[in-house]
Amino acid sequence: MMFEKSDYIAVFDSGVGGVSVLRELIKLMPQEKYLYFGDSANAPYGTRPTSEVRDLTLAAAEKLMARGCKALVVACNTATAAAIKDLREIYPDKIIIGIEPALKVAADHFPGREVGVMATPVTLREEKFDILLHRFSDSCTVYKIPAPGLVELVEHGKAESAETEALLAPLLSPYKDRLSAVVLGCTHYPFAARIIQQLVGRNTALLDGGPGTARQTRRRLQAEGLLWNGPGELLIENSSSSEEMVVLCRKLLASDA
Ligand code: DGL
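Residues numbered from 1 in each chain as written. Predicted model: local features only at pLDDT ≥ 70, side-chain atom pairs only at ≥ 80, totals over all residues. Heavy atoms only, no water.

### Observations regarding the overall build of the protein chain
Then step 1. When you go through the protein chain residue by residue, the secondary structure sums to 11 helices and 9 strands.
Then step 2. Here the C-alpha radius of gyration of the protein chain, 17 Å, is about what a compact globule of 257 residues would show, namely 18 Å.
Then step 3. Projecting the C-alpha coordinates of the protein chain onto the three principal axes gives extents of approximately 50 × 40 × 35 Å.
Then step 4. Counting only contacts in the protein chain whose residues sit at least 6 apart along the sequence, the fraction spanning at least 24 positions is 79%.
Then step 5. Charge centroids of the protein chain, computed over 29 positive and 32 negative side chains, lie 4 Å from each other. (Helix = DSSP H or I, 4+ residues; strand = E, 2+ residues; numbered from the N terminus. Rg over C-alpha atoms; globule rule 2.2 N^0.38 Å. Contact = heavy atoms within 4.5 Å. Lys, Arg positive; Asp, Glu negative; His and termini not counted. Charge placed at Lys NZ, Arg CZ, Asp CG, Glu CD.)

What follows is the structure, given as structure tokens:
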């Protein structure tokens, strides 16, 4: 199936994680046409040099733009940190939305409290995150919690497995019952939310940037008069040669995780 030129919203991630943003977009705008592209052949992005993440993101965006999308949602905190500036320079006439860790939501809701930010090493070390941190460091105490290996488990369909629990337990147990909120600063992580919640304690709020990114996308489309009135459609593509990744995306989209 091919969409008409310029009809669809392209949603991009390094792999299957962006489906956690896609589901929020669909919830908010079910009448839109979506093309989801996951670059699982090159995932994870979050442990690569920033220049590689930028190149991979620009290459994926070029292919999506060539197909004439009306908006590009970078549903990957890592790709946003590495390439959003370049994307906006290269495509000044397109709506380009990038997800970033929901630190503002944490600071607004939990002033003066302790919050953790789980994200990939690239996201946590980039200037974009430093700027975000400085904006809110007076409002709350922020702990950076990198979670190397979690993206790979989600890519392998093991988000809710004993392996995920074993990987996260030593990272999160020091924070048990201590944080007001944990920001899920990588779009793969919401799929492991049940395990994360159990490890940090049930009184800690988990904050996911997906809903805010979806609302921002709708605002921008509305402002440009580009909202589509259905029927909604969804096309899922992946750079992996195996059809399995597309199947996994559909499974994650249907899951309640
Ligand atoms: N899902 C991506 C994010 O939001 C990163 C996953 C990866 O490391 O490839 O940061």
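Let us keep going from here.
### Some words on the sheet that holds strand β7 (residues 181–184)
Then step 1. Pairing within the open sheet is parallel, and its 4 strands lie in the order β6-β5-β7-β8. If you trace the sheet from one side to the other, it starts and ends with β6 (141–146) and β8 (205–208), each paired once. Neighbour-to-neighbour, the strand axes of this sheet turn through a mean angle of 25°, independent of strand direction. (Pairing = 2+ DSSP bridges. Axes fitted to C-alpha atoms, helices over the stretch in contact; angles between N-to-C directions.)

### Topic: the side chain of S161
Then step 1. Of note, S161 is situated in the loop between α7 (150–155) and α8 (162–172).
Then step 2. A residue is classified by how much of its surface remains accessible, and S161, at 16% relative accessible area, is buried.
Then step 3. For S161, the side chain forms a polar contact with the main-chain oxygen of K158, separated by 2.8 Å. (Buried < 20%, exposed > 50% of the residue type's maximum accessible area, 1.4 Å probe, protein only. Polar contact = N/O pair within 3.5 Å; in protein donor to acceptor, adjacent residues only side chain to side chain.)

### Quick notes on the nonpolar core
Then step 1. By size, the foremost hydrophobic cluster in this structure holds 47 residues, and its most contacted members are V11, M118, L168 and Y189.
Then step 2. For this core, the element with the most residues is helix α11 (residues 244–254), which contributes 5 residues.
Then step 3. In this structure M118 touches I145, A147, L150, L168, L172, V182, V183, L184, G185, C186, Y189 and I196, once residues within four positions along its chain are discounted.
Then step 4. Residues V53, L56, L58 and V122 belong to the second largest nonpolar core, which totals 26 residues. (Core = buried A, V, L, I, M, F, W, Y, C linked by side-chain atoms within 4.5 Å.)

### Some words on the pattern of salt bridges
Then step 1. Applying the stated criterion across every chain yields a total of 12 salt bridges.
Then step 2. Measuring nitrogen to oxygen at the nearest pair gives 2.7 Å for the salt bridge that ties K70 to E32. Of this pair, K70 sits in the loop between α2 (50–66) and β3 (71–74) while E32 sits in the loop between α1 (19–28) and β2 (33–38); the two residues are 38 residues apart in sequence, bridging distant segments of the chain.
Then step 3. Relative accessible area serves as the criterion here: at 8%, K70 is assigned to the buried category.
Then step 4. E163 is the salt-bridge partner of K158, the closest N and O atoms lying 3.3 Å from each other.
Then step 5. On the basis of relative accessible area, K158 is assigned to the partly exposed category, the value being 31%.
Then step 6. Given a relative accessible area of 42%, E163 falls into the partly exposed group.
Then step 7. Beyond isolated ion pairs, a larger network of salt bridges with shared partners links E160, R194 and D256. (Salt bridge = Lys/Arg side-chain N within 4 Å of Asp/Glu carboxyl O.)

### A short note on the site of the ligand
Then step 1. Lining the immediate surroundings of the ligand are 13 residues, of which S14, Y45, G46, T78 and H188 lie closest.
Then step 2. In the model, an oxygen atom of the ligand is placed 2.6 Å from a nitrogen or oxygen of the S14 side chain.
Then step 3. The backbone of T187 places a nitrogen or oxygen atom 2.8 Å from an oxygen atom of the ligand.
Then step 4. Taken by itself the ligand offers 300 Å² of open surface, and the protein chains cover 100% of this.
Then step 5. At a threshold of 2 Å from the grid points, most atoms of the ligand map onto the largest cavity.
Then step 6. Residues of the shell around the ligand, tallied by class, amount to 5 nonpolar, 7 polar and 1 charged. (Near = heavy atom within 4 Å. Areas by Shrake-Rupley, 256 points an atom, 1.4 Å probe, with all protein chains shown as cover. 1 Å grid on protein atoms, 1.4 Å probe; cavity = no way out; pocket = protein on both sides within 12 Å on 5 of 7 lines; lining within 4 Å. Sits in = over half its atoms within 2 Å of the grid points. Nonpolar A, V, L, I, M, F, W, Y, C, P; charged D, E, K, R; others polar.)

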